[in-house]
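The lines below spell out each chain.
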Amino acid sequence: MTKGCTHIAGIQDVTPSALGCEECLKSGSRWLHLRICRTCGHVGCCDDSPNRHATAHFHATGHAVIEGYDPPEGWGWCYVDEVLFDLSKRKTPHNGPIPRYD
């Protein structure tokens, strides 16, 4: 957290695009954890998930900042500047129950 980030100032309060990973829900895939884009609200799966949809969203759009979303973890990550930062006072609330896979 010593390195600066030029994108933190641009984060938005967003509405989640889906109740889980948007692409995984469409394809029937599973995820491990969710990330939400703090530019547009896209919900994607983390890099430990098979499809890594949150990172794919960054590469497709250039939207740099994500939030740990499931569970709401209170941290943000900037893909461009590779900086982790505190979002504990600006967590994005869930807009419904998150599907779970057993």
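See the structure printed just above.
Fair warning: this is a prediction, and the values are worked out from it, not measured in the lab.

(A) Quick look at the side chain of histidine 53. Locating histidine 53 in the fold gives a position in helix H2 (residues 53–61). Given the relative accessible area of 15%, histidine 53 is considered buried. Excluding anything up to four places from it in sequence, histidine 53 contacts Cys21, Glu23, Cys24, His42, Gly44 and Cys45.

(B) Region of the structure containing the pattern of salt bridges. According to the stated counting rule, one finds six salt bridges in the structure shown. With a shortest N-O distance of 3.3 Å, arginine 35 and glutamate 73 are connected by a salt bridge. Of the two residues, arginine 35 sits in strand S1 (residues 34–37) while glutamate 73 sits in the loop between strand S3 (65–70) and strand S4 (75–78), which places them 38 residues apart along the sequence. A relative accessible area of 13% means that arginine 35 is categorised as buried.

The rules behind each value
Residues numbered from 1 in each chain as written. Predicted model: local features only at pLDDT ≥ 70, side-chain atom pairs only at ≥ 80, totals over all residues. Heavy atoms only, no water. Helix = DSSP H or I, 4+ residues; strand = E, 2+ residues; numbered from the N terminus. Buried < 20%, exposed > 50% of the residue type's maximum accessible area, 1.4 Å probe, protein only. Contact = heavy atoms within 4.5 Å. Salt bridge = Lys/Arg side-chain N within 4 Å of Asp/Glu carboxyl O.

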